[in-house]
Amino acid sequence: EKEDGACIVRWSALKKIFEQLPTALQRVIAQRIAAAAVFTLCFLVTFCSFGDVYLFLPSLLFAGFFTMSAIHLLLSCITGDCISVSGTSVQTEKTAIRKRLKSLTLEYEEDGPKNLTVFIRGRMKCPEVGDAVTVYLSKKTPVYGCDGAYRIYSYYAVQIRKEAQT
């Protein structure tokens with residue numbers, strides 16, 4: 001009985017920690033868990049239907065990858081390895097043909113105003129100039145200096161909040 005109670009306490013504590021994370025990080029963790037669940041389901045279907053190692057092994061490997069990725073991100077957030085940089089959107093750059101967001105430049109305050117350019121990996125709504133942007137990244141993320149500004153190419157999540165136009 002004590003083990004069951006302890007397990008419930010651990011899950012409730014983990015749920016409480018997850019709910020305290022910013023919504024952008026919650027969404028990324030939930031997407032990785034959902035991908036792991038889909039590949040686990042694919043593994044079960046191929047294993048039960050065919051039983052051939054060459055068919056179910058890729059699904060099992062992808063499920064393991066997404067599970068470990070979600071656990072790694074959650075643990076890095078819990079241990080304080082995840083930092084956030086908040087600022088105001090100054091400029092956006094789009095791709096030539098498909099008009100997708102390529103990079104986002106934000107201005108933040110640290111001993112005076114500084115610019116940070118974030119190169120976007122996937123689909124994202126294009127923020128307007130003046131929107132509040134928060135970038136969540138690892139402490140180990142390489143930051144490159146270029147023309148008095150900073151550039152980053154990897155991040156955990158980007159959160160954009162529309163500012164009221166006056």
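Preceding this paragraph is the structure being described.
Quick look at the structure, then. (Residues numbered from 1 in each chain as written. Predicted model: local features only at pLDDT ≥ 70, side-chain atom pairs only at ≥ 80, totals over all residues. Heavy atoms only, no water.)

1. Quick word on the nonpolar core
By size, the foremost hydrophobic cluster in this structure holds 14 residues, and its most contacted members are L106, L116, V118, V135 and Y155. Among the elements of the structure, β2 (101–109), β3 (113–119) and β4 (132–138) are those that each provide at least two residues to this core. Ranked by residues supplied to this core, first place goes to β2 with four residues. Apart from residues no more than four positions distant in its own chain, Y155 is found in contact with V118, F119, I120, R121, M124, V135, Y136 and L137. Judged by nonpolar contacts, the second largest core, of 12 residues, contains A24, V28, I29 and C82. (Core = buried A, V, L, I, M, F, W, Y, C linked by side-chain atoms within 4.5 Å. Buried < 20%, exposed > 50% of the residue type's maximum accessible area, 1.4 Å probe, protein only. Helix = DSSP H or I, 4+ residues; strand = E, 2+ residues; numbered from the N terminus. Contact = heavy atoms within 4.5 Å.)

2. Digging into the layout of surface pockets
Space inside the largest pocket adds up to approximately 470 Å³. Lining the largest pocket are 18 residues, with R27, R123, M124, A157 and V158 positioned closest to its centre. Secondary structure elements with two or more residues in the lining of the largest pocket: α2 (23–49) and β7 (157–161). Looking at the lining of the largest pocket, the element that brings in the most residues is α2, giving five residues. In the lining of the largest pocket, the residues fall into nine nonpolar, three polar and six charged. Roughly 250 Å³ of internal volume is contained in the second largest pocket. Taken together, W11, L14, K15, F18, E19, I29, I33, A36, T67, A70, I71 and L74 make up the full set of residues lining the second largest pocket. The biggest single contributor to the lining of the second largest pocket is helix α1 (residues 2–20), with five residues. Grouping the constituent residues of the lining of the second largest pocket by class yields nine nonpolar, one polar and two charged. (1 Å grid on protein atoms, 1.4 Å probe; cavity = no way out; pocket = protein on both sides within 12 Å on 5 of 7 lines; lining within 4 Å. Points joined across faces, edges and corners; volume = space filled by probe spheres on them. Nonpolar A, V, L, I, M, F, W, Y, C, P; charged D, E, K, R; others polar.)

3. What about the sheet that holds β7?
Strand order in the open sheet made by the seven strands is β5-β6-β3-β2-β1-β4-β7, with mixed pairing throughout. Taken across any chain shown, the strands that pair with only one partner, and hence form the sheet edges, are β5 (144–146) and β7. Each strand of the sheet is rotated relative to its neighbour by a mean of 35 degrees, with strand direction disregarded. In this structure, strand β1 (residues 82–94) lies alongside β2, joined through six bridges in antiparallel fashion. From the neighbouring strand, S89 faces β2, where its bridge partner is L106. The sheet strands contacting α2 are β1, β4 and β7, and the helix crosses β7 at an angle near 135 degrees. (Pairing = 2+ DSSP bridges. Axes fitted to C-alpha atoms, helices over the stretch in contact; angles between N-to-C directions.)

4. Re the packing of aromatic side chains
What the rule picks out here adds up to eight aromatic pairs. Taken together, a centroid distance of 5.8 Å and an interplanar angle of 5 degrees make the contact between F39 and F66 stacked. Placement of F39 in helix α2 and of F66 in helix α3 (residues 53–78) is noted, with a sequence separation of 27 residues between them. Here F39 falls in the partly exposed class, since its relative accessible area comes to 25%. When the centroid spacing of 5.8 Å and the interplanar angle of 25 degrees are considered together, the rings of F43 and F47 count as stacked. Of this pair, F43 and F47 both sit in helix α2, separated by four residues, roughly a single helical turn. The partly exposed category is assigned to F47, whose relative accessible area is 42%. (Phe/Tyr/Trp six-rings, centres within 6.5 Å; stacked < 30°, edge-to-face > 60°.)

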